[in-house]
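Coordinates in review
Chain residues, written in single-letter form:
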Amino acid sequence: MCLLNITPIIRKVSMIKDFLKSVLSIKKIANIFIKEKLSLIFVIFLASVAVALTTVLYNKLFWISSKIAKERFIENHSIVFLVVPTFFLVSAYLCRKFAPNSAGSGTYHVLSALKKLSAPETRHEGVEEYLSFKTMLITIISSLISILGGGALGREGPIIQVSACIFVIIANKIKRFIPNFDLRSWITAGSSAGLAAAFNAPLAGIMFAIEELPQFHFEQKFSRFKISVFFAVIAAGVTAQYLTNYYVLFDFPLIHFLWDIKTFLLLLLVSSICGVAAWILKQIITATEKWRNSITGNLWYFIPISFGLLVALVSVLIGSHSFGSGIMTMQESLGSSHSILTIQESLGRLINIIASTSAGCAGGLVLPAIAIGGSIGSVVSKLLPLLDARMFIISGMAACIGALINAPLTAAVLLLEITNQTEFLLPLFIASLVSSWVCQRCDNIFT
């Protein structure tokens, strides 16, 4: 009788014991999961800080190099016929000899790495030709040499590629500890963090990650990593802002966009011209890259020398507004409510960008696109001289970037952040979307 009374109690104790074991197991698993997640976040944070530090230092060197090149040109026009070809030759030779995939736009090489990884037969080691320590080093050195010589290239392409290299190097060290490891997520995080740090534009970095992902078909794997990507972008952007004391790239008084039929039609005209210009730029750069890579032997040395001489000739004939990276020209343009650029200077800048890229130097195309789009907006704004030209200058900037990188939303958000013109969200979206559509239509019609 006594045994019958104790049995239910023993059974309940056993059930409680089993329940506590299961709870403790769940807690143990949860603790391991949290620990692993926190460890991963900490690694990503360190990688993001490394990206921010590298970007801030590179930006400083880029700005100094641009300033030296511009001052040299203003002081003595004729010396550029010696300096530009020499610096182009050194810059292009470094890429050709040591890291061919550091030449040209870094953004293009990052996207090429992602496309290669998206192929079913590709292993993680297959991206070393695009993203490695050697490529990172050559990209930095080559791009700074070309800018110091007077090249019309930008800083964001090298930064995006270098940032992706940093994340790939770190990811390859710890990938055996990460379940369901996918290198594409790390490349996306690094390149997006680089864009955010390059322009102090975290939102643009997030938009870049979101807008560029669908073409690589790994949304399901990326969805498990997207919080980490966004964290990397924000960490890199905030760190860069802290180190630089939060600067706005193009700082000028707040202006208002006047909505009427003439202004709207002019906005569409600027956007359409920018779309065509971006298409022409992409076609010529692609063609000249294939032609350059097909040339072997000593004949290759004449390519950077010839394009360097072309940049020097165009700059001397047209003037300083077509020379260099274009960042100082755009800052000068946005300092006035009236147009200060001419059609000749806009064409000269387009030629110099094509020549600088075709020479085989490392360098980005976003900053040149900003310069081309701003120049087009400045010229077209003369049709309505009573309006503030800066309305169409910054719209042209967004339009040209959107068409060139085929990321209109990223372009609009980027321009919103680097100009701090809060009322321009809608015009910037319209401009970038229209130009991207025009560029795609040109592709469909002519290719």
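Our subject in this report is the structure included herewith.

Criteria and thresholds
- Residues numbered from 1 in each chain as written.
- Predicted model: local features only at pLDDT ≥ 70, side-chain atom pairs only at ≥ 80, totals over all residues.
- Heavy atoms only, no water.
- Axes fitted to C-alpha atoms, helices over the stretch in contact; angles between N-to-C directions.
- Helix = DSSP H or I, 4+ residues; strand = E, 2+ residues; numbered from the N terminus.
- Contact = heavy atoms within 4.5 Å.
- Nonpolar A, V, L, I, M, F, W, Y, C, P; charged D, E, K, R; others polar.
- Phe/Tyr/Trp six-rings, centres within 6.5 Å; stacked < 30°, edge-to-face > 60°.
- Buried < 20%, exposed > 50% of the residue type's maximum accessible area, 1.4 Å probe, protein only.
- Salt bridge = Lys/Arg side-chain N within 4 Å of Asp/Glu carboxyl O.
- Patch = residues over 30% accessible without salt bridge, like charges linked within 9 Å, V, L, I, M, F, W, Y side chains within 5 Å.
- Areas by Shrake-Rupley, 256 points an atom, 1.4 Å probe, with all protein chains shown as cover.

Some words on the packing of helix 3 (residues 106-118) against helix 5 (residues 156-174)
- Between helix 3 and helix 5, whose axes approach to 6 Å, the crossing angle comes to 35 degrees. Of helix 5, the residues touching helix 3 (which contributes Gly-106, Thr-107, His-109 and Val-110) are Gly-157, Ile-160, Gln-161 and Ala-164.
- Tallied by class, residues from the contact of helix 3 with helix 5 come to three nonpolar, five polar and no charged.

Section: the packing of aromatic side chains
- The full count for this structure, using the stated rule, is nine aromatic pairs.
- Here Trp-259 and Phe-264 contribute two aromatic rings whose centre-to-centre distance is 6.4 Å and whose plane-to-plane angle is 40 degrees, an arrangement assigned as tilted.
- Judged by its relative accessible area of 29%, Phe-264 falls in the partly exposed class.
- With centroids separated by 5.4 Å and ring planes inclined at 45 degrees, the aromatic side chains of Trp-279 and Phe-446 adopt a geometry described as tilted. Taken together, the residues Trp-279 in helix 10 (residues 261-294) and Phe-446 in helix 17 (residues 425-446) connect sequence positions 167 residues apart.
- Relative accessible area serves as the criterion here: at 14%, Trp-279 is assigned to the buried category.
- When its relative accessible area of 57% is taken as the criterion, Phe-446 is described as exposed.
- Three or more aromatic residues joined by ring pairs make a cluster, and in this case those are Tyr-93, Trp-300 and Tyr-301.

Concerning the pattern of salt bridges
- Applying the stated rule across the entire model yields two salt bridges.
- One salt bridge connects Lys-116 with Glu-129, and the closest N-O pair in it is separated by 2.3 Å. Taken together, the residues span a long stretch of sequence, with Lys-116 in helix 3 and Glu-129 in the loop between helix 3 and helix 4 (133-149) at a distance of 13 residues.
- Arg-390 is paired through a salt bridge with Asp-388; the nearest N and O atoms lie 3.0 Å apart. Per residue, the accessibility class of Arg-390 equals that of Asp-388, and both read buried.

Overview of the environment of Ile-430
- Tracing the sequence through the fold places Ile-430 in helix 17.
- Here the alpha-carbon distance between Ile-430 and Pro-408, two residues 22 residues apart in the chain, equals 9.0 Å.
- Non-local contacts of Ile-430, meaning those with residues more than four positions away in its chain, are made with Trp-259, Phe-264, Leu-267 and Leu-268.

Description of a nonpolar patch on the surface
- Taken together, the side chains of Leu-57, Leu-61, Trp-63, Ile-64 and Ile-68 define a hydrophobic patch exposed on the protein surface, amounting to about 420 Å² of accessible area.
- You can see Leu-61 is positioned in helix 1 (residues 2-75).
- Its relative accessible area of 37% is what places Leu-61 among the partly exposed residues.

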